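The lines below spell out each chain.
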Amino acid sequence: MIRRNMTTAALAVIMAAAPFSAQAQQITVWAGDTGTGGKIFDELSKTFEAENPGVDVVVEEVSYQTLVESLPVQLEAGEGPDIAIITDLGGLSRFYLDIAPYVDTDYFEQEWGQTLQWLRGGVPSSTAINGMPTTLTVNGGYVNLTLFEQAGVDVPEEGATWEEWAEATRQVAEATGTDFPMEMDRSGHRFASLAISYGAELVDEEGMPVVDDGLKAAIEQFVTWHQDGTMPMDLWGAIGGATHRELFSDFLNADTVMYFGGSWTLAQMDSEVGDLFDWKVIPAPCGPSSCTVMPGGGAMTAFSHTQNPELAGKLIGFYAQRDNLDYYISNEVEIPSAASQIADGVDYPSASQRTSEALATFINQIPKMAPAAYRFQGWRYQRAMMNALTTRISQVLNNELTVDDALLRIEEDVNLAIQAAQG
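Since the model is a prediction, treat every value here as computed from it, not as a measurement.

**A word on the pairing of strand S3 (residues 56-62)**
Residues in a regular strand point their side chains to alternate faces of the sheet. Most of S3 sits inside the fold, with six of its seven residues counted as buried. Where strand S2 (residues 26-32) and S3 come together, seven bridges link them in parallel fashion. From the neighbouring strand, tryptophan 30 faces S3, where its bridge partner is glutamate 60.

This is the structure:
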């Protein structure tokens, strides 16, 4: 059965009943309450229950805030659900159950390869199967094609550089009276796409932070765009600290020519922009090093405190079957994470033509992603680096730090976070 919008009190009752539930062969799965994922996994679980008499799969829809804030606290106490669909893949890695004994490991390695490493806490030598990556997200830019047409400016082709996009959008903004040429979410994750394309490594293979010339060049270019009006100062400059902020509303209101966000905005883009203007997703802009964006996504993981490890592993293996994966991805209208789905394509019967084309563009960026992007995504201390980037870049924009000082502070911030986590 599926439960949605669980209150804190209700969750406490469920946790208190966990030992009894485990003896009754109950497996609890937490899924976010956005989209249709919880409903789909609950529907699929009926077949699993039929194949495993006496097993009760309970899919609970909880808020994203619960997954980010409450779940880690419960896991620290050895409590929480048996399985959850999460996005902090590296940060929660110490709590995962290795389900390798209960699944076809060759199949998992074949389908998920690099993304399995995100669940291994940045340990390259690990062969553990700590879960099933569910969907991928891809950073990327949306452009207002109507504004380009009105301005009589050609849309840059695939392979265009960040600087070429900045120049083209400046021309469009000037010709049409649009407020800003480009905007980027106030997010270290989004900035990492720019940084890695400029040659930044961010983290080395030993799991230590890297502050290099590529990162310096990216920050300098980013600051220049804010100083010359290509990007709005009141997004990255006016908000302090590591506060995350997305500016989809500016794109919706045609106040920016190009908006750099990600694939998770597609449904909202399709429903809210509609026919107000013509738009599309663009291929990754290129830096001096690569034409890359950041990957992201979720994974279904089992936790080591479960009293039914074999059953939890078997359930994830069941969800991972190709027919079940196809059903989930096509109905959720998301980017697949499985290699065979990426190669063969997925039908999205409910998606509009514009959304289908945008999904195809996002999917086409996956093979071009730099190794540094995959390594950064699976790093246990990724969030510490992202917070440091956001905070220190804002201080540069406000003339509180020089770029060189910001680089020193970024390295110090992340090293302090690592030391604190290691006790």
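**What to know about unusual backbone geometry**
Even without being a glycine, leucine 202 presents a positive backbone phi close to 70°. Mapped onto the secondary structure, leucine 202 falls in strand S7 (residues 202-203). Taking relative accessible area as the criterion, leucine 202 reaches 0% and is therefore assigned buried. Despite not being glycine, valine 333 shows a phi value in the positive range, around 55°. Within the secondary structure layout, valine 333 lies in the loop between helix H14 (322-332) and strand S12 (335-336).

**So, the environment of tyrosine 328**
As for its placement among the helices and strands, tyrosine 328 is situated in helix H14. Overall, tyrosine 328 belongs to the buried group, its relative accessible area being 6%. In the structure, tyrosine 328 is positioned 284 residues away from leucine 44 in sequence and 8.9 Å away in space, judged by C-alpha atoms.

**Section: helix H19 (residues 403-421)**
The end-to-end C-alpha distance of H19, which contains 19 residues, comes to 27 Å, matching closely the 27 Å that a straight helix rising 1.5 Å per residue would cover. Turning to H19, its buried residues are Val403, Ala406, Leu407, Ile410, Val414 and Ile418. Buried residues of H19, seen end-on, are gathered within an arc of 110° and therefore sit on one face of the element. Exposed positions of H19 whose direction lies more than 90 degrees from the buried face are Leu408, Leu416, Gln419 and Ala420. Of the surrounding elements, those touching the buried residues of H19 are strand S8 (209-210), helix H9 (213-227) and helix H18 (382-397). Immediately downstream of H19, the backbone of glycine 423 shows phi near 75°, a positive value.

Reading the values: the criteria
Along every chain, residues carry numbers that run from 1 in the direction the sequence is written. In keeping with the model being predicted, local features are shown solely for residues with a pLDDT of at least 70 and side-chain atom pairs are shown and tallied solely at 80 or more, while totals for entire chains, interfaces and linings include all residues. With hydrogens and water excluded, all non-hydrogen atoms of the structure serve as input to the side-chain values. Burial here depends on accessible area, computed with a 1.4 Å probe over protein chains only, as a share of the maximum for the residue type. Under 20% is buried, over 50% is exposed, and the range in between is partly exposed. Numbering of helices and strands starts at the N terminus; helices are DSSP runs of H or I of at least 4 residues and strands are runs of E of at least 2. By this definition, two strands are paired if DSSP reports at least two bridges between them. Expected span of a helix, by definition, is 1.5 Å for each gap between consecutive residues, and there is one gap fewer than residues. Directions pointing from the helix axis toward each C-beta atom define the arc. Two residues form a contact once any of their heavy atoms are found within 4.5 Å.

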